[in-house]
Amino acid sequence: MLGGNTARIIDMCLLRHPGTAELAKAASSRTVGKEIRELEDLGVLTRYPAKGASAGRPKLRCRLTPAGLELKRVLDDIRFRADYRRVELAGIPVTVGLFRSMAEGYGAPLVTGHGLAVPEGMEKRARALARWSGVEVEGIGLEGFAERGAVAEGLRYIGLEDVIVLAAANEKDPARLQACATTLINDFARRIDYGLLLELALKAGAVNEVGGLLFLTNRLAGRGVVRREVLDGFLRRVARRRVERHPRYEILVAQGVPPSEAEHSADAEVREKWHARLPTFEECREVFGWRGVGRVG
Amino acid sequence: MDRVSVERLLVELGEALPGMTLYMLGGGVMVLRELKEDTVDLDFMAESNEDLREARRVLKSIGFREYEAQRFERRRVGDRERVDIDAGGFLGMPLTGEMRSRAELRRFGAADVMLLSDEDVLLFKAVTGRYKDLGDVRALSGTVYWDVVLEESLRMKRMGVAKASPGIVAITLRHAGVDDAVVRRFESAGKQSS
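About the criteria used
Residues numbered from 1 in each chain as written. Chains lettered and ligands numbered in written order. Predicted model: local features only at pLDDT ≥ 70, side-chain atom pairs only at ≥ 80, totals over all residues. Helix = DSSP H or I, 4+ residues; strand = E, 2+ residues; numbered from the N terminus. Rg over C-alpha atoms; globule rule 2.2 N^0.38 Å. Buried ≥ 20, exposed ≤ 12 C-beta atoms within 10 Å, placed from the backbone. Contact = placed C-beta atoms within 7 Å. Nonpolar A, V, L, I, M, F, W, Y, C, P; charged D, E, K, R; others polar. Core = buried A, V, L, I, M, F, W, Y, C linked by C-beta atoms within 7 Å. Domains from an automatic or database assignment. Pairing = 2+ DSSP bridges. Axes fitted to C-alpha atoms, helices over the stretch in contact; angles between N-to-C directions. Parallel < 35°, antiparallel > 145°, perpendicular 65-115°, else oblique. Left-handed = near helix turned anticlockwise from the far one by under 90°. Expected span 1.5 Å × (residues − 1). Arc of directions from axis to C-beta.

Re the overall build of chain B
Okay, so step 1: Check the secondary structure of chain B and you find nine helices and nine strands.
Okay, so step 2: Relative to its length of 194 residues, chain B is compact, with a C-alpha radius of gyration of 17 Å against a globular reference of 16 Å.
Okay, so step 3: Projected onto its principal axes, the C-alpha positions of chain B cover 50 × 30 × 30 Å.
Okay, so step 4: Here chain B, with 194 residues, has 53% of them falling under the buried criterion.
Okay, so step 5: At a minimum sequence separation of 6, the contacts of chain B that also span at least 24 residues come to 62%.

This is the structure we're talking about:
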């Protein structure tokens, strides 16, 4: 069971609901046919007729059953840990990647991923060691981030302050990570080392965004979760720049909403005072307070 | 919700809603097409109010709580799931016949789930004005036929759905950093049709 062909078939069945012909890319038709029958017998995958297939023998598509999906989850985790160990044993400082650190480490809402984080400049070496296609390697520019990380259940996760700064400065999916970061700031407000946070934000050139997130967190919580003097410390280091209004503002104005009503006061303050481009107050509110149990905290 | 979570929830819903056809849009479709890693929620359109009532009943029976009108959530250990569902349309935009005919069938459990085309997923995302949708619009912009998006946007305008008109879509496309020539086409179509 669980040989390379089996694992490949399980991977392919997750998303595309392939037919047997497509699965034959994983191995020969005969092998694939045998594997499918065995996996079906084990209750890992099931087949259903594709609609609109031409006359004659109906074409069948394969999809994973709930048991198959659980197995896929376990397989992914095994592969992730194997690559993590391989990189670690090579002496490269490594942590779980940003998305997974936020979700699994700190219970942040709605972000997942199978990335590994290594110091910038070491990505190429780490990628060469990572064997499984689902595992991505990201380079982190904050010096010493791995040493500041927190270990839980055999994996090192990115430290809280680094997570907030990296979320604020993320280019891949900034709005979602930033919105999730407000929940982390709210829940871990007493654990955050704000001196370190400011230092890291300065290094990352993200003082405006991190400060804006601290401010937004207070507005979302409706109270001073982050102390006034902390906000003032960030505000003093804010770099002034022109920030465009949210697209939502333009859309509402184009639809006839008076300009004075088209922007939330918190969004106006983030733009005018913090000079930051962050998700809207309403977007953050959609996920605010939505946090599960994290392994680190 | 990552790919496994999306598929797992779809199978669970499909088992509980035999014979029903649901139209899926939003980030869930992008996850299933490998255009993004995960999504905040799954968005559906039922074909009728009767189907919507049945879907709401089933969602509640499998542990979802309706915390806003037609917005459901279920919290489990290590997993959070959110489902938005409406009938005949979404966000005030109707499900048109053309959208139906472009949709791709997938079977989950005993239910048919029709995934809206990338063009229609983009159109729905282009009217929200949310930052987080800009990244999705950018990702979709590499796969769509702009003629199809523009045609559907003009159709919306003719149907009186001003929020999906080409001029509005152009605002989102510009913020998402879509090619200038495409943005100008939508702006120009918006002006001509007004």
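Details of the interface of chain A and chain B
Okay, so step 1: Between chain A and chain B, the contact holds 32 residues from the first and 28 residues from the second.
Okay, so step 2: At the level of elements, α1 (4-15), α4 (66-89), α8 (174-187) and α12 (247-254) of chain A are the ones that each hand at least two residues to the side of chain A that touches chain B.
Okay, so step 3: The element contributing the most residues to the side of chain A that touches chain B is α12(A), with five residues.
Okay, so step 4: For the side of chain A that touches chain B, the residue count by class is 17 nonpolar, seven polar and eight charged.

Concerning the nonpolar core
Okay, so step 1: Within the largest apolar cluster, 124 residues are counted, with the highest numbers of intra-cluster contacts made by Leu116(A), Ile164(A), Val210(A) and Met24(B).
Okay, so step 2: The contact partners of Ile164(A), leaving out residues within four places of it in the chain, are Ala181(A), Leu184(A), Ile185(A), Leu197(A) and Val210(A).

With respect to unusual backbone geometry
Most peptide bonds take the trans form, and the phi angle of most residues other than glycine is negative.
Okay, so step 1: Positive phi values are uncommon outside glycine, yet Glu153(A) reaches one of about 50°.
Okay, so step 2: Position of Glu153(A) relative to the elements: it lies in the loop between β6 (150-152) and β7 (155-157).
Okay, so step 3: Phi is positive for Glu34(B), close to 60°, though the residue is something other than glycine.
Okay, so step 4: Tracing the chain through its elements places Glu34(B) in the loop between α2 (27-32) and β2 (42-46).

What to know about the domain arrangement of chain A
Okay, so step 1: Taken domain by domain, chain A comprises domain 1 (4-64) and domain 2 (71-287).
Okay, so step 2: One C-alpha centre belongs to domain 1 of chain A, the other to domain 2 of chain A, and the line joining them spans 39 Å.

Let's talk about the domain arrangement of chain B
Residue and element names in this part refer to chain B.
Okay, so step 1: Assigned domains of chain B: these are domain 1 (3-116) and domain 2 (123-193).
Okay, so step 2: Placing a centre on the C-alpha atoms of domain 1 and another on those of domain 2 gives a separation of 24 Å.
Okay, so step 3: Listed as interface residues are 13 residues of domain 1 and, on the opposing side, 12 residues of domain 2.
Okay, so step 4: Contributions of two or more residues to the side of domain 1 that touches domain 2 are made by α2 and β7 (93-94).

Quick look at the pairing of strand β9 (residues 111-115) of chain B
All names here are of chain B.
Okay, so step 1: With four of its five residues buried, β9 lies for the most part within the structure.
Okay, so step 2: Looking at chain direction, strand β8 (residues 104-108) and β9 are connected through five bridges and run antiparallel. Among the inter-strand pairings, Leu105 is bridged to a residue of β9, identified as Met114.
Okay, so step 3: Connecting β8 to the antiparallel partner β9 that follows it, the hairpin turn spans two residues, and Gly109 within it adopts a positive phi of roughly 60°.

Here's the deal with the sheet that holds strand β4 (residues 115-119) of chain A
All names here are of chain A.
Okay, so step 1: Pairing within the open sheet is mixed, and its three strands lie in the order β3-β4-β5. Across the chains shown, the open sheet's two edge strands, defined by having one partner strand only, are β3 (95-96) and β5 (136-140).
Okay, so step 2: With five bridges connecting them, β4 and β5 associate as parallel partners. Paired with Gly115 across the bridge in β5 is Glu136.

As for the packing of α8(A) against helix α6 (residues 131-141) of chain B
Relative orientation and spacing of two packed helices are given, respectively, by the angle between their axes and the distance between those axes.
Okay, so step 1: The interhelical angle for the contact between α8(A) and α6(B), taken along N-to-C directions, is 155°, at an axis separation of 7 Å. By the angle between their directions, the pair α8(A) and α6(B) is classed as roughly antiparallel. Every pair of crossing elements has a handedness; the one defined by α8(A) and α6(B) is left-handed. Residue-level contacts link Ala175(A), Arg176(A) and Ala179(A) of α8(A) to Tyr131(B), Lys132(B) and Gly135(B) of α6(B).
Okay, so step 2: Looking at the contact of α8(A) with α6(B) residue by residue, the class counts come to three nonpolar, one polar and two charged.

Regarding helix α3 (residues 29-41) of chain A
All names here are of chain A.
Okay, so step 1: End to end, α3 covers 18 Å across 13 residues, agreeing with the expected 18 Å (1.5 Å per residue, within 8%).
Okay, so step 2: Looking at α3, one finds that the buried residues are Val32, Glu35, Ile36 and Leu39. Down the axis of α3, the buried set is contained in an arc of 100°. They therefore lie on one face. More than 90 degrees from the buried face of α3, the exposed residues found are Arg30, Arg37 and Asp41.
Okay, so step 3: Phi turns positive, to about 80°, at Gly43, one or two residues after α3.

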